[in-house]
Amino acid sequence: MKHGTLARTVKLGISSLLLHKLRSLLTTLGVLFGTSSVIAMLAIGEGASEEAQEQIRQLGSRNVILRSIKPREDFATGGGQSVRVLSYGLTEEDLARIEETFPGVARVVPVREIYEEVRFSDRMLNPRVMATLPVYRDVTGRVVAEGRFITDQDEYGVANVCVLSYEAARYLFPVTSPIGEEIKIGADYYTVVGTTLDRVRQQSDLAAAGKSSAEVFIPLETGRKWYGNMQVKLRAGSREMEEVELHEIVVEVEDPANVELVANACREMLKRNHKQSDYEIVVPLELLMRAEETKRIFNIVLGSIASISLLVGGIGIMNVMLATVTERTREIGIRRALGAKRRHIVSQFLVECVVLSVGGGLLGVVLGLATPLVVEHYAEMRTIITPTAPILAFLISSGVGVLFGIYPAWRAATMDPVEALRHE
Amino acid sequence: MSDPSRVPVAELIGVTREYRMGQNLVRALDEFSFTFGRGEYWAVMGSSGSGKSTLLNVLGCIDRPTSGDYKVDGISTARLGDDELSEVRSRKLGFVFQSYNLIPQLNVLENIMVPLFYQDEPPADGEERARKLAERVGLAKRLDHKPTELSGGQQQRVAIARALVNQPALILADEATGNLDSATALEILALFDELHAEGRTIVLVTHEPDVGERAQHVLRLKDGRIESVKRGQNSAAGAQA
Ligand SMILES: Nc1ncnc2c1ncn2[C@@H]1O[C@H](COP(=O)(O)OP(=O)(O)O)[C@@H](O)[C@H]1O
Ligand SMILES: [Mg+2]
């Protein structure tokens, strides 16, 4: 078809559709909502999966993380009614085994947790207080925001210094800089020497900061010195003594390809040396792979929903177009008598279908781009609009118009002109 | 019919058109042979069911004979495909219908131009031609009106302009005055007289005797055959031209 002809056909199609504005608008709704929901859902899904993957990546894709977990109550070695000593978890011996005997391991970092409150003037926080080595920062990929992280000197000198995570710093020091200030961990004073950037996206709810991902780091030796292996944990009225040597061991693997190998070695070693299952092994790489699998399934589900909604939209268009063709039988007869070829009639009705579905598609793209913004603003979820999503949605919606327009257009074009002219 | 001065525009050669009605075969046209010459103005008459409309549809290339051949302006249509037949309609034929049959969503100017739109190579001066024709039928001031904003007589004028825009070899009209009051009908018939005087070839189907009177020649049908042929004087301006 020539240039001018197509332009005229489109113009004619639009003017025919404008004869029934409400009907045309309603007809586009199916495609409109189909397209917009695809774009919006893709953006939300992409955002959620990106967030999950980032959290996992922050754990370090070359790392294997071993954690102490409290064994189930019935295994506990209970003494009296109100005071019990619970002894469990990873040991210095586990650490030494990995460090000294495992091949392919780059660095191993022990972490001890201190169950103490942190205070500054009248502000109080229950962060995760971790006694650890200077390499912890590097192995877990934490970034210093201000000041410095724990150093070897702090470690050798058993210094009473600490580093606050962004969230802890923000809660304890809402306006001033924390560097150089003295904070209290339990009953002891520590000098703040630095802050780290937050690992995950910051939560906006400040009130929740009390038990959120706020972190405080102190030198491992300092922790050993002031807080022994035996610590008191207050739980629901009863006091509980816990004896844990190490709360976490982060094992950094030299070659990312060997992560699984090292993880299995750890699993085997711990199984042999621990009578109870008082540990867990977290392999971020495995989590990452699982997250990717989840995302793949999500995309398949989304794709099916999208196809169904576009199918429904397409059927809606076809339905209306079939009615239109019947309604305009006489017009078709006139045009045929005046010299219209079958392809002219086909293109006339096909163009109307495409205008309907592309119109719906365009409106759907607009709505689909706006929805994630609203969701992001009100639901505080991250959304990511990939440029392919709107383009794809638009192309598919046009395709739907063509696909579902073919039958009505064919019906119109193959009418007998004499019969069509006789139609009332 | 063997008059050597006649140039054939529409030639029916043994045309039969049959319709199957259940068990029966109805012959709407029965071995029909006839020639319409250039510049002639024919009225086709006959009782209802005599085959007038079928004849006009065959002449207009919107219906195909069951057997026999039909030549328009020298082109044999028997073997043409649908596209070629459509091209013949858009180049050689002009239609005027009883119920005007304008396209409702188009304005006067656009309606007049419709046949050009479907030509394989539309003329460059199409719009100018359409404006001139609108002026000619007295609708120059209504170019952007929609058909619903016009009276019946005005709509039929637009239809006549539309039938002329492709400079057809043959103008076909089926009961073109049937829906009009007598005064308006006379105006339309005067327009046909003018066209005839200019040398156009017109075939007009009618059942009204006084409409038939005004034509140059009258062809009467009965049961799909020619009942009578009444020739008037061969004095039309275009007949010699
Ligand atoms: N589509 C059709 N199906 C069956 N029979 C038809 C059809 N069209 C016309 N006929 C028959 O052909 C004959 C001629 O019809 P027509 O050409 O319409 O006559 P007229 O226009 O002179 O009234 C009639 O007997 C009519 O019943
Ligand atoms: Mg009839």
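Residues numbered from 1 in each chain as written. Chains lettered and ligands numbered in written order. Predicted model: local features only at pLDDT ≥ 70, side-chain atom pairs only at ≥ 80, totals over all residues. Heavy atoms only, no water.

Draft legend 1. Fine view of the overall build of chain B. Each helix and strand counted, chain B has 8 helices and 10 strands in total. Against the compact-globule benchmark of 18 Å for 241 residues, chain B has a radius of gyration of 18 Å, which places it among compact chains. Based on the C-alpha atoms only, the size of chain B along its principal axes is roughly 50 × 40 × 40 Å. Looking at the 241 residues of chain B, the share that counts as buried comes to 55%. Carbon together with sulfur atoms contributes 47% to the accessible area of chain B, which is approximately 10,600 Å² in total. In chain B, the 28 positive side-chain charges and the 34 negative ones have mean positions that sit 2 Å from each other. (Helix = DSSP H or I, 4+ residues; strand = E, 2+ residues; numbered from the N terminus. Rg over C-alpha atoms; globule rule 2.2 N^0.38 Å. Buried < 20%, exposed > 50% of the residue type's maximum accessible area, 1.4 Å probe, protein only. Areas by Shrake-Rupley, 256 points an atom, 1.4 Å probe, with all protein chains shown as cover. Lys, Arg positive; Asp, Glu negative; His and termini not counted. Charge placed at Lys NZ, Arg CZ, Asp CG, Glu CD.)

Draft legend 2. Fine view of helix H8 (residues 259-273) of chain A. Residues and elements named next belong to chain A. The terminal C-alpha atoms of H8 lie 21 Å apart, and with 15 residues this matches the ideal 21 Å at 1.5 Å per residue to within 8%. Listing the buried residues of H8 in full gives Val259, Val262, Ala263, Cys266, Met269 and Leu270. Looking straight down H8, one finds its buried side chains confined to an arc of 130°; they lie on one side. In H8, the exposed residues that point more than 90 degrees away from the buried face are Leu261, Glu268, Lys271 and Arg272. The inward-facing, buried residues of H8 contact strand S1 (63-68), helix H3 (92-101), strand S3 (105-114), strand S14 (248-253), strand S15 (279-282) and helix H9 (284-327). (Expected span 1.5 Å × (residues − 1). Arc of directions from axis to C-beta. Contact = heavy atoms within 4.5 Å.)

Draft legend 3. Summary view of the nonpolar core. Counting residues in hydrophobic clusters, the biggest one holds 62 residues, and the most contacted among them are B:Leu12 and B:Leu59. Residues in contact with B:Leu12, not counting those within four places in the same chain, are B:Phe32, B:Ser33, B:Phe34, B:Phe36, B:Leu55, B:Val58, B:Leu59, B:Asp69 and B:Tyr70. (Core = buried A, V, L, I, M, F, W, Y, C linked by side-chain atoms within 4.5 Å.)

Draft legend 4. Seen up close, the domain arrangement of chain A. Split into domains, chain A comes out as domain 1 (2-55 + 290-422) and domain 2 (62-282). Measuring from the centre of the C-alpha atoms in domain 1 of chain A to the corresponding centre in domain 2 of chain A gives 56 Å. (Domains from an automatic or database assignment.)

Draft legend 5. Spotlight on the interface of chain A and chain B. The partner chain B presents 25 residues to the 28 residues of chain A that form the contact. Taking both partners together, chain A and chain B bury about 2,400 Å²; carbon and sulfur atoms supply 55% of that area. Here chain A is connected to chain B by 7 salt bridges. Close ionic contact of B:Glu110 with A:Lys11 constitutes a salt bridge, the shortest N to O distance being 3.6 Å. Between chain A and chain B we count 12 residue pairs in polar contact (both at pLDDT 80 or more) in total. (Buried area = accessible area lost by both parts, 1.4 Å probe. Salt bridge = Lys/Arg side-chain N within 4 Å of Asp/Glu carboxyl O. Polar contact = N/O pair within 3.5 Å; in protein donor to acceptor, adjacent residues only side chain to side chain.)

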